[in-house]
Structures are given as C-alpha cells and as structure tokens.
Amino acid sequence: MTQPLTLVIGNKNYSSWSLRPWALMTELGIPFAERMLKFDSEDWDENIAGLSPTRLVPVLWEGEPGQGFATFDTSAIVERLGDLYPDRRVWPADDRARARARSLVATFHSGFAALRSAMPMNIRSSYPGKGHEPEVMAEIDRLTTLWRDARAEFGGEGSFLFDSYSAADACFLPVASRFATYEPPLDRDAADYCRALLETKAMREWSEAARLETEFVPEDEPYADPP
Ligand SMILES: N[C@@H](CCC(=O)N[C@@H](CS)C(=O)NCC(=O)O)C(=O)O
C-alpha cells in the first residue's frame, strides 16, 4: 500500500523542474498533496533543508514530508512513480517506444543549456523575440527534429510523442511554455505538438495558478527589471 504522497515544488511561474512530475501525476490521476516552497522566501530558508536532501525542488515524499521517504531529481521521481503505480503508464507500453521516450527525456535533462538559460520558463510573461540567439535556435531545431521523428515512428494518430500521454510529454511542458513566452519560429509539427501540451488539463491548471503569482525571481528574469 503506497503511503500518501507529497510533492515539494517551487513557484509555478518559474519552476520548470517542479512542473514535470506535478503535471504527470495530475494527468495520470495519481493522488498527491502539494507543498510549495517559494524561492527567496522565509518559508524556503526555514524549510528547504528539512524538505529536500539536495536543497532543490522537486522532491517526492512518501509519508510525512521531512520524515518519510524522499525521492529527489525529476528523473528519479518519474521512475519512482512508475514503480509505485505500474498500472498508470508513466512510460509507453511498447519497449522500443519506452526506450525512445527515456532517450528524449535523458537527453533534454542533461543538455540544451543554451535554450534553458536564454529562455527560462516564465509562464505569466511574454517576450517575443528575446533569446533567439543562433545556438538557441540550433538547439530548438535539434529538439523539434527529435520530436518529429518520435511522433512519426511511435505517435500514431494522437497528439503526443507516443501512443498516449507519458513522462516524455510531461518533460517537454516547460519547453512548450517557453516557446509560448519567447515565440521562436517553429515548424507546423512542433507548433501543433506544443499546442497539444499547453491544452492538457494539468498544464492549464498549473498555468492558471502561475499567472496569479506575483513574486519576482531575478535569476529567472533576464529580460525584466525588478519591480
Ligand atoms: N536536476 C534537478 C534540477 C532541480 C532544480 O534545479 N530545481 C530548481 C528549481 S526549478 C531549484 O530548486 N532551484 C533552487 C536553488 O537553486 O536554490 C531535477 O531534475 O529535479
């Protein structure tokens, strides 16, 4: 019997890593409580050490947060969810599709630094044209090619990368959000895929909450002056 789950997350406007497991759990109907620690807050300073062994978010707790069992880093959290809920299709059922899904997630997790630094997730903001440096555009081209190839080989008629929504799609939600904020030119396949991601129920719910947040985190705001 799985103990109650709590996901420790950061600000919804900015925390791209928190969004991934939150959306995956929400979309797959895995019950959990949310504990938000806002960046640069007293709550963060007082509680991050107790709630996160790495002092980063997200962290998944089984049982009492801070006392139960912690899994940290999004990749490990996704694998833990797959172990706890083998019937929920965290990954595609077909083994080659699953291998490709894991390849896409791993390659994004460990790379695409130019895209991540020039286009930090900022759901409530709109900066069309910002961050369109050549190295960022080259990464976008590489990533959208990986998407197109996965969809062509495994996606069937659906809107997602594989036959149904999976951890791979959750991984790319923040990318779709970045593209909505910075509006780089995208080919039609990539634009359609991003639209499908942004229209998922979990993403709409998260984005609605993100737009209500007012905190300004300077490290994530290269294109705005503090209010
Ligand atoms: N590789 C980690 C990255 C986690 C991460 O960098 N989280 C950011 C927020 S999105 C964080 O906690 N930043 C707080 C800090 O650096 O103090 C993962 O996949 O979970």
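S.K.: Any chance you could explain the overall build of the chain here in plain terms?
M.R.: When helices and strands are tallied, the chain shows nine helices and four strands. Helices (α) and strands (β) of the chain occur, in sequence order from the N terminus, as β-α-β-α-β-β-α-α-α-α-α-α-α. Here the C-alpha radius of gyration of the chain, 17 Å, is about what a compact globule of 227 residues would show, namely 17 Å. For the chain, long-range pairs separated by at least 24 residues make up 69% of all intrachain contacts whose partners lie at least 6 apart in sequence.

S.K.: What am I meant to see in the nonpolar core here?
M.R.: The biggest cluster of nonpolar side chains holds 58 residues, and the ones touching the most others in it are Ala 101, Ala 167 and Ala 168. Looking at this core element by element, the count peaks at 10 residues for helix H7 (residues 167–182). No fewer than three residues from each of domain 1 (5–88) and domain 2 (95–210) sit in this core. Discounting chain neighbours no more than four positions away, the residues touching Ala 101 are Trp 91, Pro 92, Leu 161, Phe 162, Ser 166, Ala 167 and Ala 168.

S.K.: Teacher, can you tell me more about the domain arrangement of the chain here?
M.R.: Interfaces are often sized by the amount of accessible area the parts lose when they come together. As assigned here, the chain comprises domain 1 (5–88) and domain 2 (95–210). Using only C-alpha atoms to locate each centre, domain 1 and domain 2 end up separated by 21 Å. Counting residues at the interface gives 13 residues for domain 1 and 20 residues for domain 2. Examining the composition of the side of domain 1 that touches domain 2, we find that eight residues originate from one element, helix H1 (residues 16–28), more than from any other. Of the residues assigned to the side of domain 1 that touches domain 2, the class counts are six nonpolar, four polar and three charged.

S.K.: Just to check I follow, could you spell out the site of the ligand for this structure?
M.R.: All residues adjacent to the ligand are Gly 10, Ser 15, Ser 16, Trp 17, Ser 18, Leu 56, Val 57, Pro 58, Asp 73 and Thr 74. A per-element tally of the shell around the ligand places H1 first, with three residues. Residues belonging to the shell around the ligand are distributed by class as follows: four nonpolar, five polar and one charged.

S.K.: It is not clear to me how helix H4 (residues 95–109) should be interpreted in this structure. Could you clarify?
M.R.: Since the α-helix packs 3.6 residues into each turn, any two residues three or four apart lie on the same face. With 15 residues, H4 ought to run about 21 Å at 1.5 Å a step, and its terminal C-alpha atoms sit 21 Å apart, in line with that. Among the residues making up H4, those that are buried are Ala 97, Arg 100, Ala 101, Leu 104 and Val 105. End-on view of H4: buried residues confined to an arc of 130 degrees, all on one side of the axis. Facing away from the buried side of H4, by more than 90 degrees, are the exposed residues Asp 95, Arg 96, Ala 99 and Ala 106. Each element contacted by the buried residues of H4 is listed here: helix H3 (74–84), helix H6 (134–155) and H7.

The rules behind the values
- Residues numbered from 1 in each chain as written.
- Predicted model: local features only at pLDDT ≥ 70, side-chain atom pairs only at ≥ 80, totals over all residues.
- Helix = DSSP H or I, 4+ residues; strand = E, 2+ residues; numbered from the N terminus.
- Rg over C-alpha atoms; globule rule 2.2 N^0.38 Å.
- Contact = placed C-beta atoms within 7 Å.
- Core = buried A, V, L, I, M, F, W, Y, C linked by C-beta atoms within 7 Å.
- Buried ≥ 20, exposed ≤ 12 C-beta atoms within 10 Å, placed from the backbone.
- Domains from an automatic or database assignment.
- Nonpolar A, V, L, I, M, F, W, Y, C, P; charged D, E, K, R; others polar.
- Near = placed C-beta within 6 Å.
- Expected span 1.5 Å × (residues − 1).
- Arc of directions from axis to C-beta.

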